[in-house]
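# Structural characterization, general
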Amino acid sequence: MILADGHSRPSNTVPSSKLAARTVDLVREYGAGDSRVRALDGLHIELHSRRFTAIMGASGSGKSTLLHCLAGLDRATSGRILLGETDLGGLDDAALTAIRRDRIGFVFQDGNLLPHLTAGENIDLGLSLAGRRPDRAWRTELVGRLGIADRLRHLPSELSGGQRQRVAVARALLGHPDLIVADEPTGALDSASGGALLGLLRSCVDDYGQTVVMVTHDPSAAAVTDEVVLLKDGRSAGILNQPTRETVLERVAAISAQPGAVA
Amino acid sequence: MIVPQTAVRSIRRRPKQALMMGLAIALATAFAASSILIAINARAALVAFGMTTPEATDVVVVPPESIDNEAVAHMAGQVAALPETDEVAVEYLGDVSVEAGGLTSTWKLTSDPGSGALSAIPDLEEGDALQAGEIYLGVSTAERSGVSVGDTVVAAGRELVVAGIGQIHEFGMDVGLITEEDAVAIGSMTPVQIFIAGDMDPDAVSALIGDSLVISGEEQRTDQARTVTDTLVGVFGALTVFVGLALLSAVVIVGSTFRTVFSRRATELALLRCVGAGRAQLRRLVLFEAACIGLLSGIVGVAVGWALAAGLVAVAQSSGLLTDAFNSAPLALVACLVLATLSTVVAALPAAKAAGKASPIAALSAARATEARSTRRAVRLVAASVLALSAVATGAAGAIAASTDEFLALGLTALSGVLLFVALVCIGPFIVQWFAALLRPLTGSSGAVRVAVSNARRSSRRTAAMSTVLMLGVGLTASLVVGVAGATADAREDMESNFSSAAIIPVDFVDDPDAVVDLLTEHPAVDVRVDGLDILIDPAPGTGAVELRSAVLESVSDGTPVFWASDVRAGIEQTLLIGQIIGIVMISVTLIVAMVGVMVTLALSVAERREEIALIRALGMTRAGARRSLAIEAALAATLGSITGVVFGSGYGLLALNALGMSAGAPPIGSLTAVFFGVIIASILAAAIPMRTAGRVSPAIGMAAR
């Protein structure tokens, strides 16, 4: 297992044939008339199970919109979003809520914990909302591995940024979700805490067989993943397998140099 | 379990915010609890005041007014001679000048048989019953005049020895019981009724004594009980109206507070949605938090109200106004708690609805939802139009009903006022936007004014909530001011038409009117004439009011009833003044709730706009400028509330006068102007704490990335 330091990718990682999520000809438009913006423009991507995928692209390339769609937070204007075999497009609000609760784990930029609940209560939040009790052994193992066992009775305001993010990771992992989505999870952290968090996400995939998809701007963060999906103007601009910091930088620079696509 | 747990934790983590959110409800609950407790505790006194017929009375004879003491005594003797009669007591009443402990004051004296079933004196453990030449005093009366058993007091020149002191109803006055014999001897006391105990038949008594009114004791007690009940219903009805108005204001304020607080907590709600909370769970969360805040505010309010009522009742007990022990009325207090909780939950409904609509994406983006959002114009305009039309129709129906049924007319006018108020609540945000747009050309180059006007416009619902409750308070005050001015003018007009002289003596009230006129004519200071049923008395040219009074008293014999115009006028004006004071005390609660609303709303406005204030400060606005912009925002809401309140209240004051068949009189411009400016100044004072907070916002946080 690789944790806080030296977050290199194990060489034996092979793509699972099973797809955790995919989008088919996904279009997402906002606004109407002259102010209409096409954030995603017929996007096809496939996220394999037990893989760590980064989504990268310039501001406005549609990476956050894609993440929202995959997490059941936003709906497609046209095309399909599939989580496993479930087509999210056909689901009503209650069903989408249940999907988020039972099948998606979230890690946000700044932890995003409820300020008045303790770390332990924040970890249990999703299961509590579903009226279920957490698996005690799994919870104990998780908080032990994440190094927050002695912080469970503390309020978020009493934790460091890195500790808050680890609580968020514990919350995401507790329910064994099909997909963990992370939105710039290291954005608000110093480099040491950021590195530790990336190691944690890496081990979610390697040790616990989770599927993680992460939006990031940071080539060093992308280098920890198994593959990078590059976006430009709401379309796929290529996939980079086994990325390193250098290859990522290179590809991003190359994409930026291309003339903009016409929507 | 997670919903109640999250709600309770949220309150525990932010007690100051919970306090602010529930302050208006706590205030209204304190008012409700104290007024209900006071009314319940005053009930016993009211019952005792109204139920003057002794329990043992079988038949009551009410002699005609013109009859003299001798005839009444004869009548009592005739009844006493009947075989069925057990006891007879004539009740004489009078306000008598009494000298006690070196001081002379007017006491309420009542005749009493001294013992037995028809006596008001508590059963004696030892000693003798009240005898002629003796007086029995109330406990407070004895304390105030510093006399004890065995002392002598002088009532209208007659010496009376204090035979006993005990619990008799005093109603805050100096009260003494004397024998019938002494009452007759004092002269100025009037025989009001004859109580008869025994196995009596009212018809037999009636046949015996002719033209007096004869009713059974039970009938009279039922009548008195009904009067007491009617009074109590009236008191509780009026209280309900005022408590209702205070609660309505609190609901408007708390509703606005909840909307603001939960729109600031949009990220938190969105996070809950992200991790799997359903819409219904979020709505329940808001409502549960509201219920907790309502319950806590209710407990605070009930405690304050109870303490206030207990204090006032203790004062009333020590002055003899009330004799019973303090009744805490636990059921009424529980009802107040339930009311506080329900009101808060109702106030939180719009916030709960909005929370249910929270978008989960907001948790992932930096976008911060604020109160500044569009209002549903069409729905509000339609609702306001329907309400306004209903208000006009109800008002017109009230005006028509005025000629036949005053109370129906007054009720319809009040209902019309409520409808118009709700209509104004509906279109409040648009009025605020329009008012702000109207003021925009006047903002000139002052940054503070421009910031204030644009904030009022942007958060029009919040500004409208402040203005609306202020409007309600000002409107009630204005209608009271206009109503009292009209009633005073009407009473003066009545006086002038019915009371064309300085004093009158009704011809029917004296045995020999001609002799009285002759006596008065002889005095050089008195100008006297007879007009129909009244002897009219005026000062002769060059005579002052004081000289006339002494001249009249010198000329007529003791006990001649003289009605002085100035006394009657003073009496009417005092009654109106008391009514006005009670009205203002009641209305002031609504006004205080409105002021709390201004304070809480502006405090939230500052909390929500911290970064914005910091940015403006960083760009060069002074600390004083930041404070000033808050004061201007308060003044803006208060001006709008006061203008609409004065117009709305004056209009309904006039309608109410019309409903009661009174003329309007001169408009009380001075009082209305005072109310207008007073409310604006009070609102700026209420903004003092938020102003201080706004001034303390550091410009540095405006530069920090969010």
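Residues numbered from 1 in each chain as written. Chains lettered and ligands numbered in written order. Predicted model: local features only at pLDDT ≥ 70, side-chain atom pairs only at ≥ 80, totals over all residues. Heavy atoms only, no water.

## Side note on the overall build of chain B
Applied cut-off: Strands are runs of DSSP state E lasting at least 2 residues, helices are runs of H or I lasting at least 4, and numbering of each runs from the N terminus. Exposure categories follow from relative accessible area, calculated using a 1.4 Å probe and restricted to protein chains: below 20% of the type maximum is buried, above 50% is exposed, and the middle band is partly exposed. Residue contacts follow a heavy-atom distance rule, with two residues in contact if any of their heavy atoms lie within 4.5 Å. Note on areas: Shrake-Rupley, 1.4 Å probe, and residue coverage restricted to the protein chains presented here. The charge count treats Lys and Arg as positive and Asp and Glu as negative. His and the chain ends do not count. For this purpose, a charge sits on NZ of Lys, CZ of Arg, CG of Asp or CD of Glu.
Summing up its helical and strand segments, chain B has 21 helices and 13 strands in all. With the principal axes as the frame, chain B shows a C-alpha extent of 100 × 65 × 50 Å. Buried positions account for 47% of the 706 residues belonging to chain B. Here the contacts in chain B between residues at least 6 apart in sequence split such that 82% fall between residues at least 24 apart. A total accessible area of about 32500 Å² is found for chain B, and carbon and sulfur atoms account for 63% of it. Distance from the positive charge centre (44 side chains) to the negative charge centre (62 side chains) of chain B: 45 Å.

## Let's talk about the sheet that holds strand β10 (residues 503-506) of chain B
Residues and elements named next belong to chain B. Condition: Pairing between two strands requires that DSSP report at least two bridges joining them.
Pairing within the open sheet is antiparallel, and its 4 strands lie in the order β11-β12-β10-β13. Two strands bound the open sheet, and with one partner strand each, they are β11 (526-531) and β13 (563-564). Here β11 pairs with strand β12 (residues 534-539) via 6 bridges, running antiparallel. Bridge pairing in β12 places V528 opposite I537.

## So, the interface of chain A and chain B
How large an interface is tends to be reported as the accessible area lost when its parts come together. Put simply, the rule reads: Should a side-chain nitrogen of Lys or Arg be within 4 Å of a carboxyl oxygen of Asp or Glu, the pair is scored as a salt bridge. Nitrogen and oxygen atoms within 3.5 Å of one another constitute a polar contact, given that in protein one can donate a hydrogen and the other can accept it, and given that sequence-neighbouring residues count only through two side-chain atoms.
With 25 residues of chain A in contact, the opposing surface of chain B contributes 23 residues. The tally of links between chain A and chain B comes to 3 salt bridges. Residues B:R279 and A:D93 are paired through a salt bridge, measuring 2.9 Å at the closest nitrogen-oxygen approach. There are 9 residue pairs in polar contact (both at pLDDT 80 or more) connecting chain A and chain B.

## So, the domain arrangement of chain B
Using the following cut-off: All domain edges in this entry derive from an automatic or database-based domain assignment.
The domains assigned to chain B are domain 1 (1-55 + 217-369), domain 2 (64-211), domain 3 (378-499 + 565-706) and domain 4 (511-560). Of note, the centres of domain 2 of chain B and domain 4 of chain B, computed from C-alpha atoms alone, are 33 Å apart.

## Concerning the pairing of strand β1 (residues 59-62) of chain B
On a regular strand, each side chain points to the face opposite its neighbour's, so the side chains alternate between the two faces of the sheet. Pairing between β1(B) and strand β8 (residues 190-198) of chain B: 3 bridges, direction antiparallel. Within β8(B), the residue paired with B:V61 across the bridge is B:I194.

## Side note on a negative patch on the surface
All names here are of chain B. Keep this limit in mind: Patch definition: residues with relative accessible area over 30% and no salt bridge; like charges joined within 9 Å; nonpolar side chains (Val, Leu, Ile, Met, Phe, Trp, Tyr) joined within 5 Å.
Negative charge collects at one region of the surface, where D68, E70, D511, D512, D514, D518 and E522 lie side by side. Ranked by residues supplied to the negative patch, first place goes to helix α15 (residues 513-522) with 3 residues. Position of D514 relative to the elements: it lies in helix α15. D514 gets classed as exposed once you look at its relative accessible area, which sits at 55%.

## Points about the pattern of salt bridges
Under the defined criterion, the tally for this structure stands at 26 salt bridges over all chains. For A:R145, the salt bridge is made with A:E141, and the minimal N-O distance between the two is 3.6 Å. Of this pair, A:R145 and A:E141 both sit in helix α4 (residues 136-146), 4 residues apart, which is roughly one turn of that helix. Note that B:D174 is salt-bridged to B:R144, the shortest N-O span being 2.9 Å. Of this pair, B:D174 sits in the loop between β6 (158-166) and β7 (175-178) while B:R144 sits in helix α4 (residues 139-145); the two residues are 30 residues apart in sequence, bridging distant segments of the chain. With a relative accessible area of 40%, B:R144 lands in the partly exposed category. Through salt bridges with shared partners, one network takes in A:E29, A:R36, A:R38, A:D41 and A:R235.

## What to know about the side chain of B:R9
Tracing the chain through its elements places B:R9 in helix α1 (residues 2-13). Apart from the residues within four sequence positions on either side, B:R9 is in contact with A:H116, A:L117, A:T118 and A:E121.

## Brief notes about a nonpolar patch on the surface
A surface patch of nonpolar side chains, about 250 Å² in accessible area, is lined by B:I38, B:L308 and B:L312. On the secondary structure map, B:L308 appears in helix α9 (residues 279-318).

## Describing the sheet that holds strand β2 (residues 37-48) of chain A
Strand pairing in a sheet is mediated by backbone hydrogen bonds. Such pairs are either parallel or antiparallel. Residues and elements named next belong to chain A. Taken together, 4 strands build an open sheet; the order of strands is β2-β1-β4-β5 and the sheet is antiparallel. Of all strands in the sheet, those with a lone pairing partner are β2 and β5 (86-87), marking the two edges. Bridging between strand β1 (residues 19-30) and strand β4 (residues 78-83) involves 5 bridges; their strand directions are antiparallel. Looking across to β4, one finds that R22 is bridged to L82.

## Section: the nonpolar core
Put simply, the test is: Within this scheme, the nonpolar core is defined by two criteria: the residues are buried Ala, Val, Leu, Ile, Met, Phe, Trp, Tyr or Cys, and they are joined through side-chain atoms within 4.5 Å.
Among the nonpolar cores identified, the biggest contains 145 residues, and A:L66, A:L179 and B:F258 are the most heavily contacted of them. Tallying contributions element by element places helix α7 (residues 217-264) of chain B first for this core, with 14 residues.

## A word on the pairing of strand β4 (residues 134-138) of chain B
Residues and elements named next belong to chain B. By the criterion of burial, β4 is predominantly enclosed, with 4 of the 5 residues buried. Note that β4 and β6 share 5 bridges and pair parallel. Its bridge partner lying in β6, L137 is registered against I165. Where β4 lies against β7, 3 bridges are found, and the strand directions are antiparallel. Each bridged residue has a counterpart across the sheet, and for I135 the counterpart in β7 is I178.

## Notes on empty space enclosed by the protein
Convention followed: Points on a 1 Å grid, built from protein atoms alone, make a cavity when a 1.4 Å probe fits but cannot get out and make a pocket when they are open with protein on both sides within 12 Å along at least 5 of 7 lines; residues with an atom within 4 Å of a point are the lining residues. Grid points are joined across faces, edges and corners, and a volume is the space filled by probe spheres set on the points. Three classes are used, and their members are as follows: Ala, Val, Leu, Ile, Met, Phe, Trp, Tyr, Cys and Pro are nonpolar, Asp, Glu, Lys and Arg are charged, and the others, Gly among them, are polar.
What the rule picks out here adds up to 7 cavities of 30 Å³ or more. Taken as a whole, the largest cavity encloses approximately 180 Å³ of empty space. What lines the largest cavity is a set of 18 residues, and nearest its centre among them are A:R101, A:I104, A:G126, A:R171 and A:G175. The set of elements that each furnish at least two residues to the lining of the largest cavity consists of α2 (93-103), β6 (104-107), α3 (119-129) and α5 (161-174) of chain A. Broken down by class, the residue content of the lining of the largest cavity amounts to 8 nonpolar, 3 polar and 7 charged. When its volume is computed, the second largest cavity comes out at roughly 90 Å³. Those elements that place two or more of their residues in the lining of the second largest cavity are α12 (406-439), α14 (460-498) and α19 (623-659) of chain B. The residue inventory of the lining of the second largest cavity, partitioned by class, reads 6 nonpolar, 5 polar and no charged.

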